[in-house]
Amino acid sequence: SQKIEQNSEALNIQEGKTATLTCNYTNYSPAYLQWYRQDPGRGPVFLLLIRENEKEKRKERLKVTFDTTLKQSLFHITASQPADSATYLCALDLNSGYSTLTFGKGTMLLVSP
Amino acid sequence: GAGVSQTPSNKVTEKGKYVELRCDPISGHTALYWYRQSLGQGPEFLIYFQGTGAADDSGLPNDRFFAVRPEGSVSTLKIQRTERGDSAVYLCASSSDPSGEQFFGPGTRLTVL
């Protein structure tokens with residue numbers, strides 16, 4: 001069956017360090033992958049989209065990689081700040097021609113000052 | 001401009017009752033999605049509208065769940081004969097591009113007693 005895996009344990013890092021979050025998937029052939037941020041009590045907020053023919057995408061302090069051979073995406077936040085503390089969700093399209101997303105469970109990131 | 005809004009923000013009902021959850025998407029967004037999120041889980045796809053029609057309702061768990069979007073803007077998710085297992089946060093999202101980023105509302109927290 002299709003599965004998306006994100007680290008279920010919270011990631012604790014110190015301010016200024018680089019946070020790296022992992023998203024692994026099986027039995028999918030997604031056309032693209034998206035990363036969202038979710039704060040408690042709020043809806044997810046879109047961060048980045050990377051397509052299957054792209055290896056890497058950057059936006060300010062954020063970087064996403066997409067390895068379709070390993071079936072893995074890595075999400076990096078450089079120079080992390082306490083305000084980056086949130087749950088980060090990866091989402092894949094079902095390759096069905098429109099954006100019906102399947103989300104992972106998310107990884108909580110805690111950045112301490 | 002205004003983002004996606006959802007009403008009510010909280011809904012408490014008794015088992016067996018009927019509930020309606022409303023979503024106001026971003027003006028001009030033709031794509032509208034409903035998701036359900038349980039504690040500690042990522043959003044789970046329910047239904048996708050393109051314009052007035054349901055393009056994909058494969059995520060609706062059973063025939064107690066139904067959604068409409070009669071004029072291609074506001075959508076209502078309807079749940080009949082609610083069960084305790086329906087308790088979750090119901091999220092709505094809209095998009096101008098079915099293969100792009102989705103803009104989420106704050107969600108409606110449904111509690112079935």
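Residues numbered from 1 in each chain as written. Chains lettered and ligands numbered in written order. Predicted model: local features only at pLDDT ≥ 70, side-chain atom pairs only at ≥ 80, totals over all residues. Heavy atoms only, no water.

Trainee: Would you explain the interface of chain B and chain A in this entry?
Mentor: Residue-level contacts link 20 residues of chain B with 19 residues of chain A. Carbon and sulfur atoms supply 54% of the area that chain B and chain A bury against each other, a total of about 1500 Å² over both sides. Three residues stand out in chain B for area buried against chain A, namely P43, S99 and F104 of chain B, and they jointly supply 27% of the buried area on that side. At the junction of chain B and chain A, the tally comes to zero salt bridges. Run the count over chain B and chain A and you get three residue pairs in polar contact (both at pLDDT 80 or more). (Contact = heavy atoms within 4.5 Å. Buried area = accessible area lost by both parts, 1.4 Å probe. Salt bridge = Lys/Arg side-chain N within 4 Å of Asp/Glu carboxyl O. Polar contact = N/O pair within 3.5 Å; in protein donor to acceptor, adjacent residues only side chain to side chain.)

Trainee: Can you walk me through the sheet that holds strand β7 (residues 62-67) of chain A in this structure?
Mentor: Across a sheet, strands are paired by hydrogen bonds formed along the backbone, either parallel or antiparallel in direction. Residue and element names in this part refer to chain A. The sheet built from five strands is open, its strands ordered β1-β3-β8-β7-β6 with antiparallel pairing. Edge positions in the open sheet fall to β1 (3-6) and β6 (56-59), since each of these has one partner strand only. Across this sheet, the average inter-strand angle for adjacent strands is 15°, counted without regard to direction. Two elements, β1 and strand β3 (residues 19-26), share four bridges in a ladder whose sense is antiparallel. When the sheet's bridge partners are listed, Q6 is paired in β3 with C23. (Pairing = 2+ DSSP bridges. Helix = DSSP H or I, 4+ residues; strand = E, 2+ residues; numbered from the N terminus. Axes fitted to C-alpha atoms, helices over the stretch in contact; angles between N-to-C directions.)

Trainee: Explain unusual backbone geometry to me, please; I cannot follow it from the model alone.
Mentor: Among all residues save glycine, negative phi is the norm, and among peptide bonds the norm is trans. The omega torsion across T7 of chain B and P8 of chain B is -10°, close enough to zero to call that bond cis. Tracing the backbone shows P8 of chain B in the loop between β1 (5-7) and β2 (10-13). One non-glycine residue with positive phi stands out, namely A79 of chain A, at about 45°. Positionally, A79 of chain A belongs in the loop between β8 (72-77) and β9 (86-93). With relative accessibility at 40%, the residue A79 of chain A sits in the partly exposed group. (Buried < 20%, exposed > 50% of the residue type's maximum accessible area, 1.4 Å probe, protein only.)

Trainee: Please clarify how the pattern of salt bridges should be interpreted in this entry.
Mentor: This structure, assessed with the given rule, holds nine salt bridges over all chains. Across the salt bridge formed by K57 of chain A and E54 of chain A, the nearest N and O atoms sit 3.8 Å from each other. In this structure, a network of salt bridges that share partners links the residues R64, E83 and D86 of chain B.

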